[in-house]
Amino acid sequence: MKIVASVHSMAPVGGTELNVFQVTRGLAGRGHSIDLSAARGGALAAEYSTFCRSVTRLPVLDFARSTAVRDLVR
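Scope of this entry: the structure provided in the associated data block.

Conventions and cut-offs
Residues numbered from 1 in each chain as written. Predicted model: local features only at pLDDT ≥ 70, side-chain atom pairs only at ≥ 80, totals over all residues. Heavy atoms only, no water. Buried < 20%, exposed > 50% of the residue type's maximum accessible area, 1.4 Å probe, protein only. Helix = DSSP H or I, 4+ residues; strand = E, 2+ residues; numbered from the N terminus. Pairing = 2+ DSSP bridges. Right-handed = clockwise from strand over helix to strand, strands pointing away. Core = buried A, V, L, I, M, F, W, Y, C linked by side-chain atoms within 4.5 Å.

### Thoughts on the pairing of strand β2 (residues 33-40)
A large share of β2 lies buried, amounting to 7 of its 8 residues. Relative to β2, strand β1 (residues 2-9) runs parallel, the two being bridged by 7 bridges. In the sheet register, Ala-5 faces β2, and the bridge partner there is Leu-36. Crossover β1 to β2 through helix α1 (residues 15-29) is right-handed. Pairing between β2 and strand β3 (residues 54-57): 4 bridges, direction parallel. The residue of β3 that forms the bridge with Asp-35 is Ser-54. Between the parallel elements β2 and β3, the chain passes through helix α2 (residues 45-51) in a crossover that is right-handed.

### Digging into the nonpolar core
Judged by nonpolar contacts, the single largest core of 14 residues is most densely connected at Val-7, Met-10, Leu-36, Tyr-48, Phe-51 and Cys-52. Secondary-structure elements contributing two or more residues to this core are β1, α1, β2 and α2.

Structure, rendered in structure tokens:
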């Protein structure tokens, strides 16, 4: 089965990121094909590339009032 997963960060910063990592690794171990998209890299990027068919980096679309001018330009 082909599976697409998406995470904001490939770093182990919270429960969601660790859960997606563990689930996708387990599914890949059972023979599923994983395509991952992520907005930010991190410590788990190298491990993701060992079991994912593809790892795609997406542009960061964060927006905050404190950095509004910079975010609008980006």
